[in-house]
Each structure stands twice: as C-alpha cells, then as structure tokens.
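Tertiary structure, described
What follows is the residue order along each chain.
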Amino acid sequence: MILRTEQLVMPALGLGTWPMQGAACQAAVESALALGYRHIDTAEMYGNEAAVGAALRASGLPREALFVTTKLWWDKPDGPRFRAAAMASLERLGLAAVDLLLIHWPSPALDLPSVLEAMARLREEGRAKALGVSNFPPGLLRRALDLAIAPLACLQVEHHALLDQSRLLALTEAAGMVLTSYTPLGKGEVAAHPAVRAIAARHGATGAQVALAYLLGKGRVAAVPKAASAARQAENLGALALRLAPEDVAALDALPKDRRFVNPSFAPDWAA
Ligand SMILES: NC(=O)c1ccc[n+]([C@@H]2O[C@H](COP(=O)([O-])OP(=O)(O)OC[C@H]3O[C@@H](n4cnc5c(N)ncnc54)[C@H](OP(=O)(O)O)[C@@H]3O)[C@@H](O)[C@H]2O)c1
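Residues numbered from 1 in each chain as written. Predicted model: local features only at pLDDT ≥ 70, side-chain atom pairs only at ≥ 80, totals over all residues. Heavy atoms only, no water.

A word on the packing of aromatic side chains
- A complete count under the given rule lists six aromatic pairs for this structure.
- Positioned above the aromatic ring of Trp-270, the side-chain terminus of Arg-260 is 4.0 Å from the ring centre. (Phe/Tyr/Trp six-rings, centres within 6.5 Å; stacked < 30°, edge-to-face > 60°. Lys NZ or Arg CZ within 6 Å of the ring centre and 35° of its normal.)

Next comes the structure, spelled out in structure tokens:
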C-alpha cells in the first residue's frame, strides 16, 4: 500500500527502529527488508542511523526502492545547527538524501522560521526529498503551515486506537499531508486490548494486525510499528491484507481515546 501526495510517495507501513541499536538493529532492518518492508523510520537520537545504513546496503536493494525517514533532535533549534545535524545524519546513513526529514520534537527555543528555511534549502539541494515535523500540536503545525517557508509533507505523531488525534488528522487532511502513526501498537497494549482481540478473532487475524489495519484504513495515514523479530515483522506486514468491516471500525472508534504512551518531560502542550 503506497501513499501518494503532491510531496511524497511513501509505503504506508514502515519499520520503527527505536530503541534498537548496533548489530541487533542492523539484523532487524535486514530481516524487514527481506520480508518486503521498504520504509524505515530512524532518527538521530536513536543512535542507530549507521546500523540502518549498513542494513540498507546489505539488502542490495536499489536506493529508489527504499523510503528512509530520519528526524533531528530538538537541541538543534536554529537553521545552522539543524543543517549541520542533517549532514551528519546523511553521513551516518551513508545516503546522499533521505526521503523524509523531520523535526523530531519542538523545543521551547525553536526558531521555527530559521529551521524551516534550513529544511527548504536541504530539499532544494536534494538532501531531503520531502520534509515534515513530529510531535507538533495543532496550533504549532498550523503556524508552520502558515509560515509557508518549507513544504511540509508529513506529520509524525503518536496515533492508535486508544488516543484521539482527530484535530491533527483534520489538519493534515486539509493540508494534503500524510500523518505517520508512531507507537501504533501502543507498545503492544493496543494489540492486546480485549476489544481489538475480539475483532481479530472474527477475522482470523491478530490484535496487532487489527490495530494497524484500523490506522491504515483511514487513508493518507502511515504506521511505523517496531518489531525486532522476523515473525512479528511478518505478522505486522499482514495488516496490509486485512480489511476491517464498518462495524469493526465503529467499535474501534468508540474505544476511550485518552491513552498516551509517549509523553516525555520536554513534550509540548498537546492541546495547544
Ligand atoms: N517521532 C517520535 O517522537 C517517536 C516516538 C516514539 C516512537 N517513534 C517511532 O515509532 C516506532 C514504533 O513505536 P514504538 O516502538 O514506541 O511502539 P509500537 O510500535 O507501538 O510497539 C512496539 C512494541 O510492540 C511489540 N510488538 C511488535 N509487533 C508486535 C506484534 N505483532 N504483536 C505484539 N507485540 C508486538 C514490540 O516488541 P518486539 O520488538 O520485542 O517484538 C515492541 O515491544 C519507533 O520504533 C520509532 O521508530 C517515533
């Protein structure tokens, strides 16, 4: 399943790589690529870009077949530091360009126009094919869009059946952006939720497959579940073949949506 917008062409299901590092990360990414994954989600902060890069090369797959996202940490709140960090990420990945470059988290010190200018220049230079942001609440995303300094193709945020992201989904939809769902399995808890498992049982599927199919079925929504083993990677890939019935979607829509699994001390005011 491929998502296509004016700005990007992205496989809807990718492999999350946090918190895997070193040889274990390389092995997991190699296994995922062998199974058919073509979208890999990494970040400067994960400390695994070199391992991801090694796996990409070991796969023997042509560069154009791969979609690689990286994100730059929030201690680069201005254009010059953001640019230097982007070049260092490319170096570690061993790539001339990433497919998607994201601001990982907004920092209170973020000079948004300056960073967006640096991102736009990286895109013009062909270092990043598309641009986006992560962990931006609605007001800040609207501001970034209104500045219109850099074309924003993607918002990456926590998104699963137990968290309401309707405001951000409406914003990304209106802006023609993809919303990439991180922590799409709720770290395994959504996959294990009784209501999710009941739907899975009706389809002969697993809870993880239902959790992912629910997100991917929304349209212009991607998901990057993390799975270390080939067995779970294959299981998650199986979500692409699962079609939920309208009553399944209604049951998942009706679940309480107040569980946020990723909420560090430096997180923004999510309602802002
Ligand atoms: N932008 C951001 O700030 C941000 C924040 C958080 C995450 N992310 C990205 O999103 C990715 C995914 O998020 P996440 O790792 O927080 O959570 P997740 O993908 O919701 O859950 C990962 C957990 O679920 C388990 N799992 C995987 N497949 C499963 C299956 N089929 N059945 C049951 N359990 C399964 C994994 O275990 P095993 O691996 O041991 O199998 C792991 O413990 C990250 O790796 C990262 O790339 C981005």
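Quick look at the pattern of salt bridges
- For the structure on display, the rule yields eleven salt bridges.
- With its nearest N and O atoms 2.6 Å apart, the salt bridge here joins Lys-71 to Asp-41. Of this pair, Lys-71 sits in strand β5 (residues 67-72) while Asp-41 sits in strand β4 (residues 39-41), placing them 30 residues apart in sequence.
- Asp-41 sits in the buried class, given a relative accessible area of 2%. (Salt bridge = Lys/Arg side-chain N within 4 Å of Asp/Glu carboxyl O. Helix = DSSP H or I, 4+ residues; strand = E, 2+ residues; numbered from the N terminus. Buried < 20%, exposed > 50% of the residue type's maximum accessible area, 1.4 Å probe, protein only.)

A closer look at the environment of Ser-134
- Within the secondary structure, Ser-134 sits in strand β7 (residues 131-134).
- Taking the C-alpha atoms as reference, Ser-134 lies 4.5 Å from Gln-156; in sequence the two are 22 residues apart.
- Beyond its immediate chain neighbours, meaning those up to four positions away, Ser-134 contacts Leu-102, Ile-103, His-104, Trp-105, Pro-106, Gln-156 and Tyr-182.
- For Ser-134, the side chain forms a polar contact with the main-chain oxygen of Gln-156, separated by 2.8 Å. (Contact = heavy atoms within 4.5 Å. Polar contact = N/O pair within 3.5 Å; in protein donor to acceptor, adjacent residues only side chain to side chain.)

A look at the pairing of strand β6 (residues 100-103)
- The two faces of β6 match: Leu-100 and Leu-102 on one face and Leu-101 and Ile-103 on the other face are all buried.
- Sheet topology note: the β5/β6 ladder contains four bridges and is parallel. Paired with Thr-70 across the strands is Leu-101, a residue of β6.
- Running through helix α3 (residues 79-93), the crossover from β5 to the neighbouring parallel element β6 is right-handed.
- For β6 and β7, the ladder comprises three bridges, and the chain directions are parallel. Looking at the pairing, Leu-102 lines up with Gly-132 of β7.
- Running through helix α4 (residues 112-124), the crossover from β6 to the neighbouring parallel element β7 is right-handed. (Pairing = 2+ DSSP bridges. Right-handed = clockwise from strand over helix to strand, strands pointing away.)

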